[in-house]
Each structure stands twice: as structure tokens, then as C-alpha cells.
Amino acid sequence: MLTVEGLVAGYGGSVVLHGVGFSVQRGEVVALLGRNGAGKTTTLRAVVGLVHVHRGSVRFRDVELVGRPPFEVARRGIAYVPDDRRIFPDLTVEENLQLARYASGREGPWDLERVYGLFPALRELRHLRGTQLSGGQQKMLALGRALMSNPELLLLDEPVEGLAPLVVRQLEQTLREIRQAGVTILLADQNLRFCRRIADRGYVLDKGTVRLGGTLQAITSDEQTVRQYLAV
Ligand SMILES: Nc1ncnc2c1ncn2[C@@H]1O[C@H](COP(=O)(O)OP(=O)(O)OP(=O)(O)O)[C@@H](O)[C@H]1O
Ligand SMILES: [Mg+2]
């Protein structure tokens, strides 16, 4: 579904990704792993056109995305949930959700009822403004917003960072339900235990390069890899 090859990208004059390559099949949950500054966020941002790509290719369902603006990438069915959430603070929960569906210009099964079905807490909070939500509630809303755009591929940056263990377990269940509903997921996270429970495969990033890829089981049982690239 997504094939990234030889991606060279960065900010201004500084190159951060030095030839990143990986792929995601339809229906999978794939994790990008790696320490702080490894290039996980930059990779996700490059896929959706938010970072300048110098060289390389990002093909989504056989269409080249490099050079296309972020709104067009979104219309083609990729939703990106950044780690800082970017919800609209002055809009209510429900307005945030409705706007996302309207702005996406995409049709599909995800609407208010379905998102509230997945996140009953959001229904309770629907009249509150973004600023009145806790960090965990904002993460839920950001995910709900992304679903309202009816994506085929969901990119999640640090979905469980800063969440209490119980909330992490709930989110895992929610992500399984999203996957069951036919949405493919590419996520970036440093939480190995979470990734092991949720992801089929992963890629280990280090200094803007993919060091290895494989099942989460294989990656995390290799002590050398964990010590060298993943341990914090
Ligand atoms: N806006 C920016 N301008 C310049 N350099 C940046 C910018 N954002 C990130 N970088 C640099 O790019 C490199 C990769 O950062 P990136 O945020 O992609 O890493 P990450 O793997 O997501 O790390 P983290 O786990 O901290 O989120 C780092 O060296 C970082 O300093
Ligand atoms: Mg990051």
C-alpha cells in the first residue's frame, strides 16, 4: 500500500533522512522505532508532504506522492496525527470532529456516531472546547478527527507518549478495532512494550537510516539491537 524508497529529506539546508526505505501492506500495523532524534517524526512528515524531500520516492497505491502538497496527500486517504495533536482549541469536540470530515472531502463509513461508538468519552465531552480537555482526551480527539477523514492509512506519531498505563491499554484495544474496520496503521513510538502488543512489523531507525526491519518479536528479542538502537 505504501512503499518508501531512498528518502533523503530534512529541514532547510540540513539533511536528516539519508535514504530511508520501508513498506506497509494493506491491513498491517507497522511501527517505526528508534531513539530520540532518530528521524521517526521526519519520516512521517515526509510521507505527508510536510518536509522537503530532496530525493527518493513515496508511493501510495502506486501513485507517487513526493512533490504533492499535504492537502492532496490527505485527499488520497492518508491521515496524519502529529505528536502535538493540533486540535482546534476554540472549537468544541463535536465541531473539531465535524470540521475534519468536511475538510477531508472524503466519503466513507466514519461519521460522528461511529467515532462516538469507538470513543464513548468523546460523546460525553462533545460540548467542551479543545482547551478544556486533558492530554489523553486531546489524543483521543486527534485520533477521532483523523478517522472522520475516512483514511485508508493512518499515521500516528507517539500515540501513547505521556499516557497512563490504563489509558495505554484502552488505546491498544481501540487501535485493534480501527484496524478491524479496515484502516492500515503506521506509527512511530519509543514504547517497545506497546509496539510489541500492537504492531505486526517494525523498522528500526537510527541517524536517519533504517538499520533493520522485521517482526516486533524478532527485533525485540535481539539484545544487541535493543541495546544499540532502542534502549533509552
Ligand atoms: N523543525 C526542525 N528543524 C531542524 N531540525 C529538526 C527539526 N525537527 C527535527 N529536527 C532534527 O531532525 C532529526 C530527527 O528528528 P525527528 O524529530 O525526526 O526524530 P524522532 O525520531 O521523531 O525523535 P523523537 O523520539 O524525539 O520524537 C533530529 O536531529 C532533530 O534535531
Ligand atoms: Mg518524533
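Placed above this text is the structure.
Position numbers for residues count from 1 along each chain, tracking the sequence in the order it is written. Chains and ligands are labelled sequentially in the order written, the chains with letters from A and the ligands with numbers from 1. Given that this is a predicted model, residues contribute local features only at a pLDDT of at least 70 and side-chain atom pairs are listed and counted only at 80 or more, while totals for whole chains, interfaces and linings are drawn from all residues. Here the side-chain values reflect all heavy atoms present in the structure, with hydrogen atoms and water set aside.

A.B. asks: Account for the site of ligand 1, naming residues and giving values.
C.D. replies: Nearness of a residue to a molecule or strand requires only that one of the residue's heavy atoms be within 4 Å of it. Ligand 1 sits among Tyr 11, Val 16, Arg 35, Asn 36, Gly 37, Ala 38, Gly 39, Lys 40, Thr 41, Thr 42, Glu 158 and Gln 190. At 3.2 Å, a backbone N or O of Ala 38 approaches an oxygen atom of ligand 1. Residues adjacent in sequence count toward polar contacts only when both atoms are side-chain atoms; beyond that, a polar contact is any pair of N or O atoms within 3.5 Å, and within protein one must be able to donate a hydrogen and the other to accept it. Within the side chain of Thr 42, an N or O atom sits 2.5 Å from an oxygen atom of ligand 1. When the free accessible area of ligand 1 is taken as 640 Å², the share hidden by the protein chains comes to 58%. Of all the elements, helix α1 (residues 40-47) adds the most residues to the shell around ligand 1, at three residues. Three classes are used: nonpolar for Ala, Val, Leu, Ile, Met, Phe, Trp, Tyr, Cys and Pro, charged for Asp, Glu, Lys and Arg, and polar for all others, with Gly counted as polar. Looking at side-chain class alone, the shell around ligand 1 contains three nonpolar, six polar and three charged residues. Every accessible area reported is derived by Shrake-Rupley at a probe size of 1.4 Å, with residue values counting cover from the shown protein chains alone. In DSSP terms, a helix is any run of H or I states spanning at least four residues, a strand is any run of E spanning at least two, and both are numbered starting from the N terminus.

A.B. asks: Tell me about the pairing of strand β9 (residues 201-206), residues and numbers included.
C.D. replies: In terms of burial, β9 is a largely internal element, six of the six residues being buried. Summary of the burial criterion: residues with accessible area below 20% of their type's maximum are buried, those above 50% are exposed, and those between are partly exposed, where the area comes from a 1.4 Å probe applied to protein chains only. A two-sided burial pattern is seen for β9, the buried positions comprising Arg 201, Tyr 203 and Leu 205 on one face and Gly 202, Val 204 and Asp 206 on the other. Strand pairing is assigned whenever DSSP detects at least two bridges linking the two strands. Both strand β3 (residues 29-33) and β9 contribute to a ladder of four bridges, which runs parallel. In the sheet register, Leu 33 faces β9, and the bridge partner there is Val 204. In this sheet, strand β10 (residues 209-215) lies alongside β9 in antiparallel orientation, the contact comprising six bridges. Paired with Leu 205 across the bridge in β10 is Val 210.

A.B. asks: Could you give an account of the sheet that holds strand β2 (residues 14-24), naming the residues involved and the relevant values?
C.D. replies: Paired through their backbone hydrogen bonds, the strands of a sheet run either parallel or antiparallel. Strand order in the open sheet formed by four strands is β2-β1-β4-β5, with antiparallel pairing between adjacent strands. A single partner strand is all that each edge strand has here, and the edge strands are β2 and β5 (63-64).

A.B. asks: Can you tell me about the environment of Gly 108, naming the residues and giving the values?
C.D. replies: Checked against the element boundaries, Gly 108 lands in the loop between α3 (93-104) and α4 (112-118). On a C-alpha basis, the gap between Gly 108 and Val 47 in space is 22 Å, while along the polypeptide they are 61 residues apart. Between two residues, a contact is recorded if the distance between any of their heavy atoms is within 4.5 Å. Beyond its immediate chain neighbours, meaning those up to four positions away, Gly 108 contacts Arg 101 and Asn 150.

Limitation: the analysis is restricted to geometry and does not speak to function.
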